[in-house]
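# Working through the structure, step by step
Chain by chain, the residues run as shown.
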Amino acid sequence: MSRTNLAHRLQHPTHFTYSSRTVVFALTARKMLRSGVLWGCIFGISVYSSAISYTSIYKTQAERAALAAAYGLNEATSALFGPAPGLQTVAGFTAFKVSMTLMIIGALWGLLSITRLLRGEEDSGRWELLLSGQTTRKVATAQVLGGLAVGVIALWALTAVITILTGLDSKVDIGATSALYFALAMVATAVMFVAVGALTSQLGGTRRQAASYAAIFLGLCYAVRMIADAGVGVHGLIWLSPLGWVEELRPLTDPNPLALLPIIGFTVVVASVAVSLAGRRDVADSTLPHRVKANGRFFLLSSSIGLAFRMVRPAVVGWWVAMAVSGLLYGLVAKSAGSTISGSSISNVLSKLGARGAGAEAVLGVCFLVMAMLVTFIGAGQLSAARGEEADGRLDNVLVSPKSRTSWLGERLTVAVSVLMVGAFEAGIFAWLGTASQNAGVGFAKLLESGVNLIPPTLVILGVGVLTFGIRPRMTSIVTYALLGWSLLVVIVGDIGAMSHWILDTSVFHQMALAPSVSPNWEANGVMVGVGIACAICGGVAFKLRDLQHE
Amino acid sequence: MGSMAIRTDSLTKRYGGVTALDGLDLEVERGEVVGYLGPNGAGKTTTIRLLLGLIQPTEGRAEIFGVDCHRQPVEVHRHLSYVSGESNLWPSLTGAETLYLLGRLHGEVDENYQQELIDRFDLDPSKKVRAYSRGNRQKIVLIGALMARPELLLLDEPTSGLDPLMERAFRLCIREARDRGQTIFLSSHIMSEVEALCDRVGIVRDGKLIEMGTLTQMRHLSALAVEATFDGVIPNLSNVPGVTVTEADGQVVRCQVQGSVEPLLRVLATAGVTRLVSREPSLEEMFLAHYGAGDPSGELDHVAH
Ligand SMILES: Nc1ncnc2c1ncn2[C@@H]1O[C@H](COP(=O)(O)OP(=O)(O)O)[C@@H](O)[C@H]1O
Ligand SMILES: [Mg+2]
């Protein structure tokens with residue numbers, strides 16, 4: 001006993017430097033600092049790339065004015081990405097270009113981190129271990145929130161520093177104060193959704209439930225601000241949505257620091273309620289009533305593939321709804337968004353991303369890129385779930401029955417591929433429903449084909465994920481999501497135009513032709529499917545030969 | 001099919017620099033109940049996971065009923081059930097759903113026996129796994145393994161979290177399984193459990209099998225247990241040849257005697273003993289004698305001087 005303890009201390013010399021009173025804070029802060037720095041770099045680089053790309057594409061004042069005139073008052077884009085009041089300046093364009101994306105990513109980062117650290121730790125039983133130390137539930141929850149604050153500060157600091165450095169360029173010219181305020185706006189959703197996630201962690205019975213509740217709230221916030229910005233005369237609604245408050249901060253164009261008040265108030269109230277609920281409820285229980293007893297429902301439980309479907313069902317249904325809604329929304333706005341494009345310099349921006357043509361099809365080309373990302377998220381989530389079964393030891397129960405590893409993995413991949421294919425088909429079908437209702441004149445076959453076109457990039461990421469799962473199972477999620485994030489970053493940053501082919505080629509989304517604005521590149525798609533399958537086979541062989549590894 | 005239920009041949013597992021299991025040679029006959037004892041971190045779980053083919057051996061090989069555990073795990077799994085001490089189940093399923101699933105995964109279930117086990121272990125199968133206590137989760141895993149009536153049961157600290165009443169139900173089930181001719185390999189750190197159930201016992205420590213034999217053989221190998229109560233000053237027994245002090249509690253000293261008891265009797269005769277009990281040592285005492293000697297606690301030192 002004492003020997004193991006000593007060995008442990010020698011291997012992890014930092015472990016006994018934490019005071020037992022603040023250990024939860026210290027552990028959380030260490031994890032979140034890393035994460036905040038990483039995402040801060042990603043935030044900063046996206047700011048840098050959009051500012052620089054603007055200065056290289058729109059060189060003259062006339063071009064910039066044309067862009068602002070064509071695009072600035074477009075209700076469809078304003079509904080999707082927020083209003084674009086300052087397109088004639090670098091700062092205004094940059095704020096428009098990155099704001100909505102970073103706001104959403106920030107919110108997801110916040111809610112996923114906090115639910116993992118609060119509810120996830122509780123699900124795994126580690127939380128009880130911490131609580132048996134010198135701390136109470138309430139204090140420990142507050143400490144986790146404090147640790148996350150460290151991450152948020154890192155996120156803010158890096159975003160700010162890179163924005164300031166970008167602003168030093170005389171062509172960009174963003175002042176330090178504006179940059180600091182802008183970075184604050186970009187992390188505001190992260191702050192609010194950390195609080196929301198802390199609250200849902202007390203309400204839900206599991207981490208998945210907690211994260212789903214928070215994500216549903218995020219979806220509602222987005223929908224409310226979307227209606228407010230759609231130019232149908234209800235802009236006041238913007239004050240009902242936390243995302244709307246951030247929008248009202250109007251960084252880099254027309255700053256309105258008063259909008260910080262609801263943000264701060266909301267965060268403080270929600271976080272306090274979360275902490276006080278944490279002190280009141282039992283560990284591993286939820287505040288909302290949830291069913292403890294249930295009549296046995298044995299459907300899908302006769303086989304391991306049925307079990308896999310049943311376990312991923314709640315998440316999958318959520319994704320399918322998200323795909324249907326986004327397909328429909330994009331379809332609905334494509335025509336009006338596209339009508340301002342023809343002949344204007346905005347087609348320049350789209351063409352830099354690889355979208356050709358004019359009108360609705362050009363817009364849809366870029367919309368399908370966003371949906372490709374969603375489909376990839378579905379695939380990555382399935383693989384994480386499979387690794388989760390192994391990490392938590394549940395897979396042991398399946399693999400000690402007469403069931404081979406290869407066939408189990410084959411089943412999980414069958415589930416993953418079916419689920420993401422349904423998502424991809426939905427993208428095509430619902431986009432068509434949307435466009436058809438607006439008489440945008442884009443054919444059903446063409447949109448369905450564009451949906452199918454989303455599958456190959458996902459298969460590459462899934463394949464690489466399976467390979468990682470075979471070789472370094474503990475890295476499965478990290479590698480899969482890192483590749484996804486990288487691919488995304490490259491296509492976003494790629495519109496600078498100066499990026500080397502070698503780097504561009506590493507992005508699966510760059511390999512994908514932006515159908516329906518251009519025809520799918522079936523040759524490239526074939527190669528991607530081949531790479532995906534080859535990686536998956538190698539991963540499967542490695543999985544067969546390795547140890548099962550618990551977390 | 002070979003006649004041995006389990007056979008390993010210098011089975012070794014290393015994790016980087018750590019040798020979790022070191023050249024294990026083990027043979028278990030069909031129908032035997034074998035106990036596998038060792039302190040935490042001794043290598044018990046590693047052994048069982050190697051037998052199941054869940055982890056790959058660094059060296060050596062293992063067979064179950066003559067089938068190689070690593071080349072043909074699926075074939076091996078047809079004949080066995082496994083109970084892990086950690087009971088990792090699906091939190092969103094109910095007990096009944098979990099048992100149904102485990103049954104379907106294994107293929108064969110004796111429905112009547114399943115119901116009997118549920119009654120015996122006093123399990124309410126309508127609750128969700130997330131709402132069960134640790135002991136109740138363990139019951140589900142146990143029922144799941146027993147209800148398949150496999151030829152071999154691999155049990156890794158199966159009674160963790162069970163209360164004494166359920167521990168008794170468990171022992172009854174194991175005896176029945178033995179009477180039915182099933183082979184049982186039971187890893188445990190609870191001596192009394194192993195002592196009550198097993199024909200043969202192996203003791204593992206630091207990845208090495210250091211003893212293997214029937215309970216009788218082990219007792220023979222080991223010493224006589226002596227418990228002496230003193231009314232005055234306690235003499236220093238640890239210097240007496242052949243004597244190992246295992247426990248000292250106030251005026252009572254428990255020790256083990258290897259070889260002749262004469263030297264001990266000579267010391268005791270002059271020391272004012274009010275009570276003297278001598279009997280065959282329990283497994284627990286043998287265990288303590290084995291490991292206690294290498295790691296004398298301050299308490300024992302204090303008594304000795
Ligand atoms: N996956 C692993 N990685 C590194 N070391 C391990 C791993 N699994 C077990 N060990 C080490 O192997 C030794 C034996 O462990 P184990 O078989 O679990 O012991 P027991 O079940 O007897 O308590 C321990 O020292 C443990 O730390
Ligand atoms: Mg163990």
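Every value quoted in this text rests on a predicted model; they were computed, and no experiment measured them. (Residues numbered from 1 in each chain as written. Chains lettered and ligands numbered in written order. Predicted model: local features only at pLDDT ≥ 70, side-chain atom pairs only at ≥ 80, totals over all residues. Heavy atoms only, no water.)

### Side note on the interface of chain A and chain B
Contacts between the two partners involve 38 residues from chain A and, on the opposite side, 35 residues from chain B. For the pair chain A and chain B, the summed buried area comes to about 3100 Å², and 58% of that belongs to carbon and sulfur atoms. Counting across the chain A and chain B interface gives 3 salt bridges. With its nearest N and O atoms 3.2 Å apart, the salt bridge here joins A:Arg310 to B:Glu97. Across the contact surface, chain A and chain B share 16 residue pairs in polar contact (both at pLDDT 80 or more). Going through the elements one at a time, α12 (304-339), α15 (394-399) and α22 (522-545) of chain A are the ones with two or more residues in the side of chain A that touches chain B. (Contact = heavy atoms within 4.5 Å. Buried area = accessible area lost by both parts, 1.4 Å probe. Salt bridge = Lys/Arg side-chain N within 4 Å of Asp/Glu carboxyl O. Polar contact = N/O pair within 3.5 Å; in protein donor to acceptor, adjacent residues only side chain to side chain. Helix = DSSP H or I, 4+ residues; strand = E, 2+ residues; numbered from the N terminus.)

### Concerning the site of ligand 1
Residue and element names in this part refer to chain B. Close to ligand 1 lie Tyr15, Ala20, Pro39, Asn40, Gly41, Ala42, Gly43, Lys44, Thr45 and Thr46, which account for all nearby residues. For ligand 1, an oxygen atom lies 3.1 Å from a polar atom in the backbone of Ala42. Within the backbone of Lys44, one N or O atom sits 2.8 Å away from an oxygen atom of ligand 1. Compared with its free state, where it exposes 560 Å², ligand 1 has 60% of that area covered by protein. Residue contributions to the shell around ligand 1 peak at 3 residues, all from helix α1 (residues 44-51). Tallied by class, residues from the shell around ligand 1 come to 4 nonpolar, 5 polar and 1 charged. (Near = heavy atom within 4 Å. Areas by Shrake-Rupley, 256 points an atom, 1.4 Å probe, with all protein chains shown as cover. Nonpolar A, V, L, I, M, F, W, Y, C, P; charged D, E, K, R; others polar.)

### Side note on the domain arrangement of chain B
For chain B, the assigned domains are domain 1 (4-215) and domain 2 (219-304). Relative to domain 2 of chain B, the C-alpha centre of domain 1 of chain B lies at a distance of 36 Å. (Domains from an automatic or database assignment.)

### Describing the domain arrangement of chain A
Partitioning chain A into domains gives domain 1 (22-282) and domain 2 (300-551). Measuring from the centre of the C-alpha atoms in domain 1 of chain A to the corresponding centre in domain 2 of chain A gives 25 Å.

### Notes on the sheet that holds strand β13 (residues 252-257) of chain B
Residue and element names in this part refer to chain B. In space, the 4 strands of this open sheet follow the order β12-β13-β11-β14, with antiparallel pairing throughout. If you trace the sheet from one side to the other, it starts and ends with β12 (243-249) and β14 (273-279), each paired once. Strand-to-strand twist across the sheet, computed as the mean angle between neighbouring axes with direction ignored, equals 20°. Examined bridge by bridge, β12 and β13 share 6 bridges and lie antiparallel to one another. Within β13, the residue paired with Ala248 across the bridge is Val253. (Pairing = 2+ DSSP bridges. Axes fitted to C-alpha atoms, helices over the stretch in contact; angles between N-to-C directions.)

### Some details on the confidence of the model for chain B
Per-residue confidence for chain B gives a mean pLDDT of 87, with 90% of residues at or over 70. Within the model, the stretch residues 293-305 of chain B combines pLDDT values under 50 with 14 contacts to residues more than four positions away or in other chains. (pLDDT = per-residue confidence, 0-100.)

### Description of a nonpolar patch on the surface
All names here are of chain A. Taken together, the side chains of Leu328, Leu332, Met421, Phe425, Ile429, Leu433 and Phe444 define a hydrophobic patch exposed on the protein surface, amounting to about 500 Å² of accessible area. Listed by contribution, the elements that provide at least two residues to the nonpolar patch are α12 and α16 (405-437). Among the elements that make up the nonpolar patch, the one with the highest residue count is α16 (4 residues). Within the secondary structure, Ile429 is located in helix α16. (Patch = residues over 30% accessible without salt bridge, like charges linked within 9 Å, V, L, I, M, F, W, Y side chains within 5 Å.)

### Description of the packing of helix α14 (residues 359-391) of chain A against helix α17 (residues 444-452) of chain A
All names here are of chain A. Between α14 and α17, whose axes approach to 11 Å, the crossing angle comes to 25°. On the basis of the axis angle, α14 is roughly parallel to α17. Read as a crossing pair, α14 and α17 show a hand that is right-handed. Along the contact surface, α14 presents Glu361, Leu364 and Phe368, while α17 presents Lys446, Leu447, Ser450 and Gly451. Looking at side-chain class alone, the contact of α14 with α17 contains 3 nonpolar, 2 polar and 2 charged residues. (Parallel < 35°, antiparallel > 145°, perpendicular 65-115°, else oblique. Left-handed = near helix turned anticlockwise from the far one by under 90°.)

### A few points about a positive patch on the surface
Residues and elements named next belong to chain A. A cluster of basic residues, Arg30, Lys31, Arg34 and Arg116, forms a positive patch at the surface. The biggest single contributor to the positive patch is helix α2 (residues 23-57), with 3 residues. Assignment of secondary structure puts Arg116 in helix α5 (residues 90-124). Using a relative accessible area of 38% as the deciding quantity, one classes Arg116 as partly exposed. (Lys, Arg positive; Asp, Glu negative; His and termini not counted. Charge placed at Lys NZ, Arg CZ, Asp CG, Glu CD. Buried < 20%, exposed > 50% of the residue type's maximum accessible area, 1.4 Å probe, protein only.)

### What to know about the state of the cysteines
Residue and element names in this part refer to chain A. The full count for this structure, using the stated rule, is 0 disulfides over all chains. There is no disulfide at Cys538, and the cysteine sulfur nearest it, in Cys535, is 6.6 Å away. Of the residues examined, Cys538 reaches a relative accessible area of 45% and is grouped as partly exposed. (Disulfide = S-S within 2.5 Å.)

### Looking at the pairing of strand β10 (residues 208-214) of chain B
On a regular strand, one side chain projects to one face of the sheet and the next to the other, so that they alternate. Residue and element names in this part refer to chain B. Bridge analysis of strand β9 (residues 200-205) against β10 gives 6 bridges, and the strand direction is antiparallel. Bridge pairing in β10 links Gly202 to Met212. The antiparallel hairpin formed by β9 and β10 contains 2 residues in its connecting segment, where Asp206 sits at a positive phi of about 50°.

### Thoughts on the confidence of the model for chain A
Regions with low pLDDT carry predicted coordinates that are not meant to be interpreted in detail. With 86% of its residues at a pLDDT of 70 or more, chain A shows a mean pLDDT of 85. Segment residues 1-17 of chain A is flagged for pLDDT under 50; beyond a separation of four residues in sequence, or across chains, it makes 3 contacts in the model.

### What about α17(A)?
By the burial criterion, the buried members of α17(A) are A:Leu447, A:Ser450 and A:Gly451. Seen along its axis, α17(A) keeps its buried residues to an arc of 105°; they face one direction. (Arc of directions from axis to C-beta.)

### Remarks on helix α5 (residues 134-146) of chain B
Residues and elements named next belong to chain B. Taking 1.5 Å per residue, 13 residues should reach 18 Å; α5 reaches 18 Å between its end C-alpha atoms and fits that length. Most of α5 is tucked away: 11 of the 13 residues are buried. Taken as a whole, α5 has its buried residues at Gly135, Asn136, Gln138, Lys139, Ile140, Val141, Leu142, Ile143, Gly144, Ala145 and Leu146. In this fold, the buried residues of α5 make contact with β6 (80-83), α3 (95-106), α4 (111-120), β7 (152-156) and α6 (164-179). (Expected span 1.5 Å × (residues − 1).)

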